[in-house]
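# Residue-level structural notes
For reference, the chains in residue letters:
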Amino acid sequence: RKLRLSRKLIALRKIQTPVGYQTIEYIDAHSVTMDQLDSIVGIFSSNRQIKDFLYELCKEYGLCPKLFALEKGKGECFSYHLEQCRGACIGKVSTLQYNLKFDEAFYKSRIKPWPFKGPIVIKEKGERQEHFIVDKWCLLGSLKTDEDQLSDLQQEYPFDYDAYKILRQYLRAEKNLYK
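Residues numbered from 1 in each chain as written. Predicted model: local features only at pLDDT ≥ 70, side-chain atom pairs only at ≥ 80, totals over all residues. Heavy atoms only, no water.

With antiparallel pairing, three strands are arranged side by side in an open sheet as E4-E5-E6. Strands with a single pairing partner mark the edges of an open sheet, and in this sheet they are strand E4 (120-123) and strand E6 (138-143). On average, each strand axis in the sheet is inclined to that of its neighbour by 30°, with strand direction left out of account. Two strands pair when backbone bridges link them, and strand E5 (residues 131-135) and E6 are joined in this way by five bridges, in the antiparallel orientation. The partner of Val-134 across the bridge, within E6, is Leu-139. (Pairing = 2+ DSSP bridges. Helix = DSSP H or I, 4+ residues; strand = E, 2+ residues; numbered from the N terminus. Axes fitted to C-alpha atoms, helices over the stretch in contact; angles between N-to-C directions.)

Rendered as structure tokens:
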């Protein structure tokens with residue numbers, strides 16, 4: 001069931017610095033568009049949660065906290081002195097190496113790619129016969145009767161993180177997939 005409580009969620013979107021290193025920017029998760037889904041590397045409920053997560057990734061994967069705006073100032077970051085950062089803040093590591101580590105670090109938290117070529121129909125089981133039309137993790141609408149028209153479906157694809165989690169869980173189960 002979808003939560004009724006509307007909460008403020010923050011999405012991290014992957015961007016590149018002018019030099020070519022991958023980094024993140026904070027955006028409102030409710031403003032995420034279908035075109036941005038591939039670049040979303042995580043969704044969080046607070047800035048504190050984001051900072052804790054980013055510091056952990058920096059430590060584990062040797063990423064630079066300065067590129068995530070966790071540190072300010074000129075020169076190398078403090079983590080470089082502790083030998084936890086490999087030196088992206090001073091250009092010591094190649095952009096290719098750093099960007100591969102970045103992608104590896106955010107692999108688990110990113111929005112997964114849509115596993116189908118286009119929209120799918122999910123049939124509700126039980127007494128009610130309802131068909132839900134879903135595309136790119138977005139619920140486009142439902143058809144309850146034969147009189148419902150496909151033209152009544154939404155033309156925009158609003159992304160909803162709760163719906164994404166529900167759909168991912170549902171589609172993981174083999175019993176729910178029909179060909």
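A few words now on the nonpolar core. A general trend in soluble globular proteins is that nonpolar side chains are found buried together. In this structure, Leu-12, Ile-24, Leu-54, Leu-63, Phe-68, Tyr-98 and Phe-106 are the most contacted members of the largest nonpolar core, which totals 24 residues. Ranked by residues supplied to this core, first place goes to helix H1 (residues 47-61) with five residues. In contact with Leu-12, other than residues within four places in its own chain, are Ile-24, Glu-25, Tyr-26, Ser-39, Ile-40, Val-41, Gly-42, Phe-44, Ile-50, Leu-54 and Phe-106. Among the nonpolar cores identified, the runner-up in size contains 19 residues, and Leu-9, Ile-27, Trp-114 and Ile-122 belong to it. (Core = buried A, V, L, I, M, F, W, Y, C linked by side-chain atoms within 4.5 Å. Buried < 20%, exposed > 50% of the residue type's maximum accessible area, 1.4 Å probe, protein only. Contact = heavy atoms within 4.5 Å.)

What follows covers the pattern of salt bridges. Summed over all chains, the structure comprises five salt bridges. Of the charged contacts in the structure, one is a salt bridge between Asp-52 and Arg-48, with a shortest N-O distance of 2.9 Å. With Asp-52 and Arg-48 both in helix H1 and four residues apart, this pair spans about one turn of that helix. Linking Glu-104 and Lys-101 is a salt bridge whose minimum nitrogen-to-oxygen distance equals 3.6 Å. Of the two residues, Glu-104 and Lys-101 both sit in helix H3 (residues 95-105), three residues apart, roughly one turn of that helix. Classification of Glu-104 as partly exposed rests on a relative accessible area of 43%. (Salt bridge = Lys/Arg side-chain N within 4 Å of Asp/Glu carboxyl O.)

This next bit is on the environment of Pro-113. Relative to the assigned elements, Pro-113 resides in the loop between H3 and E4. Classification of Pro-113 by relative accessible area gives partly exposed; the value is 46%. In sequence terms Pro-113 and Asp-38 are 75 residues apart; their C-alpha atoms lie 6.7 Å from each other.

Below, the discussion takes up the side chain of Ser-79. Within the secondary structure, Ser-79 is located in helix H2 (residues 78-81). Note on Ser-79: relative accessible area 10%, which makes it buried.

The next point concerns helix H4 (residues 161-172). Along its twelve residues, H4 runs 17 Å from first to last C-alpha, staying within 8% of the 16 Å computed at 1.5 Å per residue. All of the buried residues in H4 are Asp-162, Ala-163, Tyr-164, Leu-167 and Leu-171. In this structure Asp-160 caps H4, since a side-chain oxygen of it lies 2.8 Å from the backbone nitrogen of Asp-162. (Expected span 1.5 Å × (residues − 1). Polar contact = N/O pair within 3.5 Å; in protein donor to acceptor, adjacent residues only side chain to side chain.)

Taken in spatial order, the three strands of this open sheet run E2-E1-E3, and their pairing is antiparallel. Both edges of this open sheet fall to strand E2 (22-28) and strand E3 (40-44), since each of them pairs with a single strand only. Taken pair by pair, the neighbouring strands of this sheet meet at an average axis angle of 30°, ignoring direction. Bridge count for strand E1 (residues 10-16) against E3 is four bridges, and the pairing is antiparallel. Following the sheet pairing, Ala-11 is matched in E3 by Ile-43. Against the sheet, H3 touches E1, E2 and E3, its axis set at about 40° to E2.

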